[in-house]
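Fold and geometry: a report
Chain by chain, the residues run as shown.
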Amino acid sequence: MSSAAQSADAGPGNWKPSASPWMIAASVMTATFMVVLDSSVANVALPHIAGNLSASTDEATWVLTSYLVSNAIMLPATSWITKRLGRKRLLMGSIFTFTVASLLCGMAPSMPILILARVLQGIGGGGMQPLAQSILLESFPPDRHGAAMAVYGLGIVVAPVIGPTLGGWITDSYSWRWIFYINLPFGILALLLVKTFVEDPPYIKQAFRGAIDYLGFGLMALWLGTLQLVLDKGQEADWFGASWICWVTAISAVALVAFVIREFTHRDPIVELRVLKNRNFSVGTLITGVYGFVLYGVTAMLPLFLQTLMGYPALDSGLAVSPRGIGSMLSMAVAGAAANYVDGRVLLAFGFGIVGFSTLLLSHVNLGIAMSSVVVPNLINGFATGFIFVPLTTIAMGRLRKEEIGNAAGIYNLVRNIGGSIGIASVTTLLVRNSQVHQNYLVANISRLSPEAVATVKGLQGWLFQAGSDAFTAQRQALAEVYGMVQQQASLLAYVDNFRLLGYLALLCMPLALLFQKVRKG
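In this text, all values refer to a predicted model and were calculated from it rather than measured experimentally.

1. Some remarks on unusual backbone geometry
If you check the backbone angles, Asp238 has positive phi at about 65 degrees while not being a glycine. Examined against the element boundaries, Asp238 turns out to sit in the loop between α13 (214–233) and α14 (243–265). Note on Asp238: relative accessible area 46%, which makes it partly exposed. Notably, Trp239 is not glycine yet its phi reads approximately 50 degrees, a positive angle. Considering the arrangement of structural elements, one finds Trp239 in the loop between α13 and α14. Its relative accessible area of 14% is what places Trp239 among the buried residues.

Following this line, the structure appears as structure tokens:
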């Protein structure tokens, strides 16, 4: 039966695409994987970008900030734009924009041009995650939603894990420009696949195309843009110690309140917030925000720990973290199959339990550990991903109508990304602040009245004297060496505190699974 015939005989509730769901999945996930991978690949190339374009490190961080701001604004607006352009047309336009922007990024002759290209790249990439999620959920029958979300999870969760390793290898072996050029063949392939296999459901073809709510869109852009700016630059500016951070935070809060009021009172809102009245979706959105906090927090800290304290080069650091991707791929397959037989709430609680356990394992690190002490917890942590991502998305969306899924997917992905941004900002701040606290405690135990401290300084002084330093210089160097050891241990204790905090936070999510209502199969 043709798509047109199906649309005539079927309503939104039982519409089925004419193409195979698996071909549709391959089409949308090619684009989504490319976008998510690119967002993490650029991180490791920042020093190279700064040096090549004669910019400071602070200026280079705008390469990330500009992308995150435009990406965040596009996420919740995707459903609204879909009603006016059509889902297939918007997806193809997003892929084309992202691919062309990637070419411009690679060719950028200066930092301002690169930042503008990254803004364009964020606009193109922002809508792909909710579009892919809603297309998959509508293309697969309800009893196969677990498999659909397993496929989606492979792109969303695995890509950020392998991104830093791939980015480090490309940057070291070729040039930072190739981390953008590599998107070109995948973008062209994704365009061809989407054009061939993806189609719009009937309710989108018949969607109301009313007046554009410019005020609602402006408030949303102002709220998300200022929030992302504060989260990304807060630590550099000493948070609320800087007056501009206070002002931007106040603007963001006012814009958020005004945006919520506008969306609840406007006839055709940019984001339909009433979907949060659905209990499963509101609980799922809360949990995915917390999960984003934990996931991105751990992902951000481990490479820092390995490179700054353990002395790992970027490639070795990426290899130590990459087993999480292997665990994720295994668990996605297992969880996707188990979703048809085991209550999703049980799978979700089990997944958070494993995340908590593996993160607490990382809280036992020290400066003498082998690589296996990082690889094993990472593998376990990755294996938990499928048992969280698959049932959480399936339950959160399981009691929504098909025509509500596109809007809900935008909100859902936005909250996860905001949770991740807050997580990264929080762990980065806590690392700095807790290092100072631990350093104060450690220094209090180092004095001339401490036999251990005196013996350590004397031993180092004697070794340095034998190496050729005079007595005065040897003493100074010995004291500097001891201070360096104190700083190292203080930083280590700060990492341990953060891993422990994230582990307990994951365990606290286990009882939240009980708040979900059961989703009937089919």
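2. What about the nonpolar core?
Ranked by size, the top nonpolar core spans 132 residues in total, and within it Leu114, Leu136 and Phe305 carry the most contacts. Counting residues per element, this core draws most heavily on helix α15 (residues 279–309), at 14 residues. Leu229, Val230, Ala237 and Ala425 belong to the second largest nonpolar core, which has nine residues in total.

3. As for the packing of aromatic side chains
In the structure shown here, the tally under the stated rule is nine aromatic pairs. Arranged with centres 5.7 Å apart and planes meeting at 80 degrees, the rings of Trp169 and Tyr174 form a pair that is edge-to-face. Given the relative accessible area of 55%, Tyr174 is considered exposed. Summarising the aromatic geometry, the rings of Trp178 and Tyr181 are spaced 5.3 Å apart at their centres and angled 80 degrees between planes, so their arrangement reads as edge-to-face. Of this pair, Trp178 and Tyr181 both sit in helix α10 (residues 178–181), separated by three residues, roughly a single helical turn. On the accessibility criterion, Trp178 (46% relative accessible area) is partly exposed.

Each value, and the rule that gives it
- Residues numbered from 1 in each chain as written.
- Predicted model: local features only at pLDDT ≥ 70, side-chain atom pairs only at ≥ 80, totals over all residues.
- Heavy atoms only, no water.
- Helix = DSSP H or I, 4+ residues; strand = E, 2+ residues; numbered from the N terminus.
- Buried < 20%, exposed > 50% of the residue type's maximum accessible area, 1.4 Å probe, protein only.
- Core = buried A, V, L, I, M, F, W, Y, C linked by side-chain atoms within 4.5 Å.
- Phe/Tyr/Trp six-rings, centres within 6.5 Å; stacked < 30°, edge-to-face > 60°.

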